[in-house]
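What the coordinates show
So you can see what is in the structure, the chains are spelled out below.
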Amino acid sequence: MFQETPAEAWKKRFGQEPPEGMPDLGRLLNHRSVRQYSGEPVPEGVVRGLIGAAQSAATSSNLQLWSVVSVQDRATRERIAEKAENYRHIVECAWFLCFLADLNRIRAAATSAGEAADGLDYVEFEVMAVIDAALAAERLVCAAESIGLGTCYIGALRNDVRAVQEILGLPKGVFGVFGLCVGWPAEDATAEIRPRLRAEQVWFRERYPSGHDFSEYDERMRPFYIEQGMKGEVTWSMRSARRVNGSSKSMTGRDALKPWLEEQGMGLR
Ligand SMILES: Cc1cc2nc3c(=O)[nH]c(=O)nc-3n(C[C@H](O)[C@H](O)[C@H](O)COP(=O)(O)O)c2cc1C
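Quick summary incoming for the structure in this document.

On to the sheet that holds strand β4 (residues 174–183). In space, the four strands of this open sheet follow the order β1-β2-β4-β3, with antiparallel pairing throughout. Across the chains shown, the open sheet's two edge strands, defined by having one partner strand only, are β1 (66–71) and β3 (150–154). Between one strand axis and the next, the sheet turns by 25° as a mean value, whatever way the strands run. Where β3 lies against β4, five bridges are found, and the strand directions are antiparallel. In the strand pairing of β4, Ile154 is matched with Gly179. Taken strand by strand, helix α3 (residues 74–83) contacts β1 and β2 (95–102), and its axis lies near 60° from that of β2.

Structure below.
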């Protein structure tokens, strides 16, 4: 599945021909989130390899401030799904991985070395841990996709941080940043390459621009939405605006994150 050549993938992604001299990027342009899985198992050895890829990601000062909890128990997955929009992909994927920003392990290392570890109270370390978790996960995603697996991040793991803490038994200093579904895509999985902003909108030369123009992207997304069974008249800009509206409905529980992190001793200073 998902066998577009890099040139085909580029056209789907950006609606234009690939740049001259583009190297063969393998499957790196072919990413799409997969939410329907075949049910075929993914052997443990494969997952060990994928975790090794994740661990090979760069990590700030080699501190490795992330961990992952795999959840294979169906009842536990149902409990997590219940707190995360009831996504069926959480329950039906072959492996469900919860990526954690982890300041607990490094605190243990510091304590055993006789250091105070009070630097871990700074927001800086929480940011580092979240970055580490994201880099590790994305390297796992790239590795998984390179062998034909599908994945889907689950930011909804943060909808109820207290429940996730309890379900996964997370100690203080450990934060479930997102989940990741991994599995073989179903034959009929509806997972298309999703168009993105063109490079000019994200790659600026020397200085940040004075404004942004979304008209080209809004137009290019329209047929994609229609193909996906979504309303074509609701543009990307409109959808994105709704997503960043700070009403508690659009925040889906994530407005509770800051006080919870502080309670956990993260990002205090
Ligand atoms: C950190 C993160 C959290 C996400 N959370 C969810 C989620 O909770 N549920 C879901 O179905 N997709 C989730 N996604 C997938 C995004 O919706 C998806 O990446 C985006 O729409 C672009 O589509 P594509 O991945 O197919 O290119 C998440 C993606 C990221 C990077």
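On to the layout of surface pockets, then. Taken as a whole, the largest pocket spans an internal volume of roughly 1400 Å³. Only β3, α9 (215–227), α10 (236–243) and α11 (248–251) provide two or more residues apiece to the lining of the largest pocket. Ranked by the residues each element gives to the lining of the largest pocket, the list is headed by α10, at five residues. A per-class count over the lining of the largest pocket returns 16 nonpolar, 11 polar and 13 charged.

Note on soluble globular proteins: their nonpolar side chains tend to be buried together. Phe99, Leu140, Phe175 and Val182 are the most contacted members of the largest nonpolar core, which has 36 residues in total. Within the residue set of this core, elements represented by two or more residues are α2 (44–55), β2, α6 (123–146), β4 and α12 (257–263). Ranked by residues supplied to this core, first place goes to α6 with nine residues. If sequence neighbours within four positions are ignored, Val182 has contacts with Tyr37, Leu50, Cys93, Ala94, Trp95, Leu97, Leu140, Leu149, Gly150 and Thr151. With 24 residues, the next largest nonpolar core counts Phe2, Val91, Val164 and Ala191 among its residues.

Most of helix α7 (residues 161–168) sits out of view: six of its eight residues are buried. The set of residues buried in α7 consists of Val161, Ala163, Val164, Gln165, Ile167 and Leu168. Against β1, α3, β2, β4 and α12 lie the buried residues of α7. Remark: Gly169 follows α7 within two positions and exhibits a positive phi of approximately 65°.

The rules we used
- Residues numbered from 1 in each chain as written.
- Predicted model: local features only at pLDDT ≥ 70, side-chain atom pairs only at ≥ 80, totals over all residues.
- Heavy atoms only, no water.
- Pairing = 2+ DSSP bridges.
- Helix = DSSP H or I, 4+ residues; strand = E, 2+ residues; numbered from the N terminus.
- Axes fitted to C-alpha atoms, helices over the stretch in contact; angles between N-to-C directions.
- Contact = heavy atoms within 4.5 Å.
- 1 Å grid on protein atoms, 1.4 Å probe; cavity = no way out; pocket = protein on both sides within 12 Å on 5 of 7 lines; lining within 4 Å.
- Points joined across faces, edges and corners; volume = space filled by probe spheres on them.
- Nonpolar A, V, L, I, M, F, W, Y, C, P; charged D, E, K, R; others polar.
- Core = buried A, V, L, I, M, F, W, Y, C linked by side-chain atoms within 4.5 Å.
- Buried < 20%, exposed > 50% of the residue type's maximum accessible area, 1.4 Å probe, protein only.

The quantities given are spatial measurements derived from coordinates; they are silent on function.
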